[in-house]
Amino acid sequence: MDRPLRVAALASGRGSNLAALIAARDAGRLPVEFTLAGSDKAQAGALAVARDAGIPTVALSPKDYATRADFDAALFGRVADSGADLLVLAGYMRIVDAAVVAAWEGRAINVHPSLLPKYRGLHTHRRCLEAGDTEHGASVHFVTAELDGGPVVAQARIPVHPGDTEADLAERLLVEEHRLLPAVVAAIASGRLRWHGGPVFDGQALTSPLRLADL
């Protein structure tokens, strides 16, 4: 590609993963151009993060659409209109209509706070503690219609310490998420990681998740 990778992001919350991507770009570690930051919440902190960085923003309310599919089509349509090559779900907390997702096969990734396939969905830190796990982590995967079920491309791991709370795990893991997501996007931007009917890394089909050290 003879230009920077064009990236759009969707987020529902404070936008710390988006901020990590922007920081990586500003530090010269992430050769991308941000085309749009979108949200399903007008007051999401992620939109303020984007505006402060000069990134165009859009917020649409699901309440303004008759069906979930209509809302998803509208929001993802705005992403498409921005010219994005890659869509990053960076803390976007909605399940997306299968038909809408299908149009972005191989062009959308999500960061999730668990070692997938463990603990899809919500409350991952709590479920990790309740299961007595000794290890926790974050995963980046390509997005499919299956909730948190697309091919996992990379993971970061942290130990679970005796006495850890949900808040402890969340705080320590977020540091790793902020390293993992920019590293994966950088691998896509450089062409090392791509989609060819499935994830391919350095010319080989990816059969197990990469580690941070691999990226």
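Residues numbered from 1 in each chain as written. Predicted model: local features only at pLDDT ≥ 70, side-chain atom pairs only at ≥ 80, totals over all residues. Heavy atoms only, no water.

(A) How the structure looks around the nonpolar core. Counting 45 residues, the largest nonpolar core has Val88, Ile109, Leu181, Val184 and Val185 as the members making the most contacts within it. The element best represented in this core is helix α6 (residues 166-190), accounting for 10 residues. In terms of nonpolar packing, the next biggest core, distinct from the first, is built from 19 residues, Ala8, Leu36, Tyr92 and Trp104 among them. (Core = buried A, V, L, I, M, F, W, Y, C linked by side-chain atoms within 4.5 Å. Buried < 20%, exposed > 50% of the residue type's maximum accessible area, 1.4 Å probe, protein only. Helix = DSSP H or I, 4+ residues; strand = E, 2+ residues; numbered from the N terminus.)

(B) Fine view of the packing of helix α1 (residues 16-26) against α6. It is at 9 Å that the axes of α1 and α6 come closest, and there the two elements cross at 55 degrees. When the axes of α1 and α6 are compared, the pair comes out oblique. Between α1 and α6 lies a crossing whose hand is right-handed. Of α6, the residues touching α1 (which contributes Ser16, Asn17, Ala20, Leu21 and Ala24) are Leu174, Glu177, His178, Leu181, Pro182 and Val185. (Axes fitted to C-alpha atoms, helices over the stretch in contact; angles between N-to-C directions. Parallel < 35°, antiparallel > 145°, perpendicular 65-115°, else oblique. Left-handed = near helix turned anticlockwise from the far one by under 90°. Contact = heavy atoms within 4.5 Å.)

(C) How the structure looks around the pairing of strand β6 (residues 135-142). Among the 8 residues in β6, 7 count as buried, and that is most of the element. Bridge count for strand β5 (residues 108-112) against β6 is 4 bridges, and the pairing is antiparallel. Opposite His112, over in β6, you have Ser139 as the bridge partner. Taken together, the 7 bridges between β6 and strand β7 (residues 152-159) define a ladder with antiparallel strand orientation. (Pairing = 2+ DSSP bridges.)

(D) Structural view of the sheet that holds β7. Read from one edge of the open sheet, 8 strands run β3-β2-β1-β4-β5-β6-β7-β11, paired in mixed fashion. Looking at the sheet topology across the chains shown, the edges are occupied by β3 (57-59) and β11 (210-211). By the bridge criterion, 3 bridges tie strand β2 (residues 32-39) to β3 in an arrangement that is parallel. Opposite Ser39, over in β3, you have Ala59 as the bridge partner. Against the sheet, helix α3 (residues 68-81) contacts β1 (5-10), β2, β3 and β4 (86-89), and its axis sits at roughly 155 degrees relative to β1.

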